[in-house]
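# Residue-level structural notes
Residue strings, one per chain:
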Amino acid sequence: MKPHYLAALFDPQSVAVIGASETVGSVGCSVMRNLIDGGYAGTVHAVNLRHKRVFGLAAVKHISQIKSAIDLVILTTPSRTLLDLVAACGQQGVRNLIIMSCDFVGNDSAGQQLLSEILSVARAQQNRILGPTVFGYCRVPSQFYAANFQGKIKSGNLAVVSQSSSVTTAILDWAELHDVGFSSVVSLGSASDIDVGDVLDYLVADPKTKAILLYIEDLKDASLFMSALRAASRSKAVLALKVGRYEHEVKAGRTHSERLIKHDDVFDVALKRAGVLRLRSINQLFTAARVLDGSYRTKGRRLAIITNGIGAGLMAVDRANDLHIKLPALSADTVAELQKILPAQASWQNPVDVLGDASAERFKLVSELLIKDANVDGLLVVFTPQVGTDDTSTAKAMIALRKTTDKPLLLAWVGGKKIDASRKMLAKAQMAYFNAPESAVEVFYSLAAWQYNQQLLLQTPSPLGEMETPDLETAHMIIDSVVASGREVLDEVESKAILRAFNIPVTLTIRAKSADDAVTAAMGLGLP
């Protein structure tokens, strides 16, 4: 199988850092430290004008002095040096570049002009450029950290593709606290060349990635993005957080539809048809990351709830009702077994109240019954620390139960200091646990919504042969007439005529220039 066109970028055998440095706080220092300390097994070349050695590695003054092949060059020098360095990389035969200059500002006129010149040179040399980006990227299983980042990144099977360095570092900081691992972390920055679609296209066939989390601000190549997105979502869970849903300055819309639809609704529908779940907040992104290890799936939206505190359980019920999640009635056999296990004061219906003094054994037995119930697609266990409860033993029971079922088992460990040890135990076992019942319910909703979107992905449109042939001649005549009149926007009558030409049902609209015209049109429509 032919290697992907970005294989040498994401899994390089050799890398050169131009601007490699030991100056604490510099990008060149951070990148070099991460490459060396991370355990990268490939060859690292240091390029520095003033020093002969950087972190013990021999350094050269110019990339032309490196005689061996280089898969990737990381540029950390000031932006004024970039144009000449990009040209030098091309002459050296380097195809993949990351621009990580900390002073590069791509949104002013000077920055845009420089970026345009860099891209012009790069295209002529067939270079691919990631960035400009402050963060860079990481391939965690390969221990390759071409990143301006301080902290630990655990290996996992979740890939993050982000257009914001600040959001990327926030995700990693949260993940370190909650023991969430990654296969790849890619911060695209300005995405001047390599964009979301390119990275998605690479991750489709990446065996180390089972799920993909996207943070999107804008898209340059919508066609590539949608093609890669559909391919990725067929085999991996893909969730997307898209910001910029509203314009800061609302311009007067030409039609009511323009004001209501805009581009965001189109993007929303496109994600659903591609089998992708859209997230609405950074909090949803964090909670979704807990279950995006590829092992959590649900076949429906029926949730059973177990709680040892009815108040906490009702919080979950309220959120489930908000999200239209079904709380099914338990089967007669399940209820009969619950009556044998639970005290008389307990509740045997969904949500099941196992009472405040519930032991780990009671939690275990009830959970086993409910998760086997044919009426249940997922189970939420809400634990609160009370007299008589054992959070550690209950956590161990839930970890053991998770290994026996393919249904989602979500945990809400509600409390603080008393249950801190058991939370750490759950995190180490990669359990889907949350601090609040509502968060757990939202994740179950996300799983159910993603499953529904996957069903949409498998649906295929009807063959064109079953549809009437569109009236292309009429459509062309209308468009030619509008263009000839110097206009760029169709009016309502023209718009509906175009839709009608393609056999799309629309209400009949007739233009009337006077009251008499209106009466005549009304009579023609059969109105009094």
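You'll find the structure just up there.
Residues numbered from 1 in each chain as written. Predicted model: local features only at pLDDT ≥ 70, side-chain atom pairs only at ≥ 80, totals over all residues. Heavy atoms only, no water.

### With respect to helix 16 (residues 472-484)
Within an α-helix, residues lying three or four positions from one another point in the same direction, as the helix has 3.6 residues per turn. Compared with the 18 Å implied by 1.5 Å per residue over 13 residues, the 18 Å span of helix 16 between its first and last C-alpha is a close match. Among all positions of helix 16, only A475, I478 and V482 are buried. In an axial view of helix 16, the angular spread of the buried residues amounts to 65°, which keeps them on one side of the axis. Counted as exposed and oriented over 90 degrees from the buried face of helix 16: E473, M477, D480, V483 and A484. Buried residues belonging to helix 16 abut helix 17 (492-501). Phi turns positive one or two residues past the end of helix 16, at G486, with a value near 85°. (Helix = DSSP H or I, 4+ residues; strand = E, 2+ residues; numbered from the N terminus. Expected span 1.5 Å × (residues − 1). Buried < 20%, exposed > 50% of the residue type's maximum accessible area, 1.4 Å probe, protein only. Arc of directions from axis to C-beta. Contact = heavy atoms within 4.5 Å.)

### With respect to the state of the cysteines
Following the criterion strictly, the structure yields zero disulfides and no others. For C29, which is in no disulfide, the shortest distance to another cysteine sulfur is to C102 and amounts to 13 Å. By relative accessible area, which is 9% here, C29 ends up buried. (Disulfide = S-S within 2.5 Å.)

### Considerations on the environment of L97
Position of L97 relative to the elements: it lies in strand 6 (residues 96-99). Residue classification places L97 among the buried residues on the basis of a relative accessible area of 0%. Between the C-alpha atom of L97 and that of F55, which follows or precedes it by 42 residues, the distance is 22 Å.

### Let's talk about the pairing of strand 2 (residues 43-47)
Burial runs high along strand 2: four of the five residues are buried. Of the strand pairs in this sheet, strand 1 (residues 14-18) and strand 2 are connected by five bridges, and their pairing is parallel. Each residue of the ladder has a partner; that of A16, found in strand 2, is H45. When strand 2 meets strand 4 (residues 57-60), the two strands line up parallel, connected through two bridges. Paired with V47 across the two strands is V60, which belongs to strand 4. (Pairing = 2+ DSSP bridges.)

### Some details on the sheet that holds strand 5 (residues 72-75)
If you trace the seven strands from one edge of the open sheet to the other, you get 3-4-2-1-5-6-7, paired in mixed fashion. Looking at which strands have only one partner, the edges of the open sheet turn out to be strand 3 (53-54) and strand 7 (128-130). Across three bridges, strand 6 lies against strand 7 in parallel orientation. Each residue of the ladder has a partner; that of I98, found in strand 7, is L130.

### Focus on the nonpolar core
If you look at the biggest cluster of nonpolar residues, it comprises 47 residues, and the most contacted ones within it are I74, Y137 and L214. The element contributing the most residues to this core is helix 6 (residues 196-204), with five residues. If near-sequence neighbours (up to four positions away) are discounted, Y137 is found in contact with L9, F10, P12, L72, I98, L130, F144, Y145, A146, A147, V185 and V186. V335, V352, M398 and L411 belong to the second largest nonpolar core, which has 33 residues in total. (Core = buried A, V, L, I, M, F, W, Y, C linked by side-chain atoms within 4.5 Å.)

### Structural notes on the pattern of salt bridges
Considering all chains together, one arrives at 17 salt bridges under this definition. Where R128 meets D193, a salt bridge forms, and the shortest distance between an N and an O atom there is 2.9 Å. Placement of the pair is R128 in strand 7 and D193 in the loop between strand 11 (181-187) and helix 6, with a sequence separation of 65 residues. Overall, R128 belongs to the partly exposed group, its relative accessible area being 23%. (Salt bridge = Lys/Arg side-chain N within 4 Å of Asp/Glu carboxyl O.)

### A look at the packing of aromatic side chains
In the structure shown here, the tally under the stated rule is nine aromatic pairs. Taking the centre distance of 6.1 Å and the plane angle of 15° together, the rings of F225 and F267 count as stacked. One end of the pair, F225, is in helix 7 (residues 222-233); the other, F267, is in helix 8 (residues 256-273), with 42 residues separating them in the sequence. F267 carries the same exposure label as F225, and that label is buried. Residues F383 and W413 carry aromatic rings whose centres are separated by 4.9 Å and whose planes lie at 20° to one another, so their mutual orientation is stacked. Of this pair, F383 sits in strand 17 (residues 378-383) while W413 sits in strand 18 (residues 409-413), placing them 30 residues apart in sequence. The same class applies to F383 and to W413, which are both buried. Aromatic ring contacts, followed pair by pair, group F10, Y40, Y137, F144 and Y202 into a single cluster. The ring of F55 has R33 lying over it, and the distance from NZ or CZ to the ring centre is 4.5 Å. (Phe/Tyr/Trp six-rings, centres within 6.5 Å; stacked < 30°, edge-to-face > 60°. Lys NZ or Arg CZ within 6 Å of the ring centre and 35° of its normal.)

### Points about the packing of helix 6 against helix 7
Two elements in contact, helix 6 and helix 7, have axes whose closest approach is 8 Å; the angle formed by their N-to-C orientations is 25°. Judged on the interaxial angle alone, helix 7 and helix 6 are roughly parallel. Here helix 6 and helix 7 pass one another in a crossing that is left-handed. Taking contact as the criterion, the partners of V196, G197, D198, L200, D201 and V204 in helix 6 are, on helix 7, L224, F225, A228, L229, A231 and A232. (Axes fitted to C-alpha atoms, helices over the stretch in contact; angles between N-to-C directions. Parallel < 35°, antiparallel > 145°, perpendicular 65-115°, else oblique. Left-handed = near helix turned anticlockwise from the far one by under 90°.)

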